Amino acid sequence: MVREILVWPHPVLKQKAHPVTTVDDSTRALIKDLFDSMYAADGVGLAAPQIGVLKNVIVLDTTPRQPEAKPLAMVNPEILTYEGKIEYKEGCLSIPGEAEDVDRAAIITVRFLDEQGVEQTLKCEGLLAIAVQHETDHLKGTMFVDHI
Ligand code: NI
């Protein structure tokens, strides 16, 4: 279901989200809503607080609607390593029409639970690395404009 995306400075966007204790059907329903809402808004990432749910869940797809599209859902994502630097003009579905250069790590390693609750570790570079850093920031109540 496509959910309304909260727009800054909505107070929920400044709050910290909470860890998911069990990945269950309600988590998977939340993940589906996040994907539906992200694709409907033409985004490449979305975090649960952006639809008003303070849980540590993010979704990403840096190549939406393309044959090589690889939708990724991450529950309780934790970035373990940061390497290098990359600057990229970021936007955010919660700050429509704004885009600013932000410095991020170029390569990261992230650990998370997948939709089945299985722990995964993934090395990310380029746009995916940027998107994971941007979306995990949302779980801490941080917006990309806070980095400028
Ligand atoms: Ni955002």
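Once a new chain begins, its residue numbering starts again from 1 and follows that chain's sequence as written. Local features in this predicted model are restricted to residues of pLDDT 70 or higher, and side-chain atom pairs are both shown and tallied only at a pLDDT of 80 or more, whereas totals for entire chains, interfaces and linings draw on every residue. Values reported for side chains reflect all heavy atoms of the structure, with hydrogen atoms and water molecules removed beforehand.

Peer 1: Quick question: what am I supposed to make of the pattern of salt bridges here?
Peer 2: Pairing between side chains becomes possible if they bear opposite charge and their charged atoms approach one another. The rule for a salt bridge is simple: a side-chain nitrogen of Lys or Arg has to be within 4 Å of a carboxyl oxygen of Asp or Glu. Under the criterion given, the structure shown has ten salt bridges. The closest approach of N and O atoms between Asp 33 and Arg 3, which form a salt bridge, is 2.7 Å. Taken as a pair, Asp 33 in helix α1 (residues 25-40) and Arg 3 in the segment before α1 lie far apart in primary sequence, 30 residues in all. By relative accessible area, Arg 3 is classed as partly exposed at 26%. Put simply, Asp 101 and Lys 89 hold a salt bridge, and the shortest N to O gap is 4.0 Å. Remark: Lys 89 occurs in strand β4 (residues 86-91) and Asp 101 occurs in strand β5 (residues 99-104); sequence separation between them is twelve residues. The helix and strand labels rest on DSSP assignments: H or I over at least four residues marks a helix, E over at least two residues marks a strand, and numbering proceeds from the N terminus. For every residue, the accessible area obtained with a 1.4 Å probe (protein chains only) is divided by the maximum for its type, and the residue is called buried under 20%, exposed over 50%, and partly exposed between those limits.

Peer 1: How do you make sense of the pairing of strand β2 (residues 57-60) when you look at a structure like this?
Peer 2: Sheet faces and side chains relate simply in a regular strand, where the side chains alternate between the two faces. In β2, alternate side chains face the same way, and those of Val 57 and Val 59 on one face and Ile 58 and Leu 60 on the other are all buried. Taken together, the four bridges between β2 and strand β3 (residues 72-83) define a ladder with antiparallel strand orientation. Bridge pairing in β3 links Val 59 to Ala 73. For two strands to be treated as a pair, DSSP must find no fewer than two bridges joining them.

Peer 1: For this particular structure, what's the right way to read the coordination of the nickel ion?
Peer 2: Ideal donor angles around a metal are set by the shape: a four-donor tetrahedron calls for 109.5 degrees, a six-donor octahedron for 90 or 180 degrees. Bound to the nickel ion are the protein donor atoms Cys 92 (SG), His 134 (NE2) and His 138 (NE2), situated 2.1 to 2.3 Å from the metal. For the nickel ion, the donor residues sit on a single chain with the sequence spacing C-x41-H-x3-H. Linking Cys 92 in the loop between β4 and β5 with His 138 in helix α2 (residues 126-139), this pair joins segments that are 46 residues apart in sequence. Atoms of type N, O and S within 2.8 Å of a metal are treated as its donors, and for Na, K and Ca the window is 3.2 Å; water is not considered, so some sites may appear to be missing partners.

Peer 1: I would appreciate a short explanation of the sheet that holds β3 in the present structure.
Peer 2: Spatially, β1-β2-β3-β6-β7 is the arrangement adopted by the five strands of the open sheet, whose pairing is antiparallel. For this open sheet the edge positions go to β1 (45-47) and β7 (119-125), each flanked by a neighbour on one side alone. Across the sheet, the mean angle from the axis of one strand to that of its neighbour is 40 degrees, orientation sign disregarded. The criterion used for residue contact is that any of the two residues' heavy atoms lie within 4.5 Å. Think of each axis as a best-fit line through the C-alpha atoms, taken over the contacting stretch in the case of a helix, with angles from 0 to 180 degrees between the N-to-C directions. Of the strands in this sheet, β1, β2 and β3 touch α1, which is tilted by about 40 degrees from β2. Contacting β1, β2, β3, β6 (107-113) and β7, α2 runs over the sheet at an angle of about 155 degrees to β2.

Peer 1: Teacher, can you tell me more about the nonpolar core here?
Peer 2: Nonpolar core, defined: a set of buried Ala, Val, Leu, Ile, Met, Phe, Trp, Tyr and Cys residues in which side-chain atoms within 4.5 Å join the residues together. Counting residues in each nonpolar core, the largest one holds 17 residues, and the members touching the most others are Leu 60, Met 74, Ile 108, Val 110, Cys 124 and Val 132. Looking at this core, the elements that each hand over two or more residues are β2, β3, β6 and α2. The greatest single-element share of this core, amounting to five residues, is contributed by α2. Dropping the residues within four chain positions of it, Val 132 is found in contact with Leu 60, Met 74, Ile 79, Ile 108, Val 110 and Cys 124. The next biggest cluster of nonpolar side chains, apart from the first, holds 16 residues, and it includes Val 20, Val 23, Leu 30 and Ala 73.

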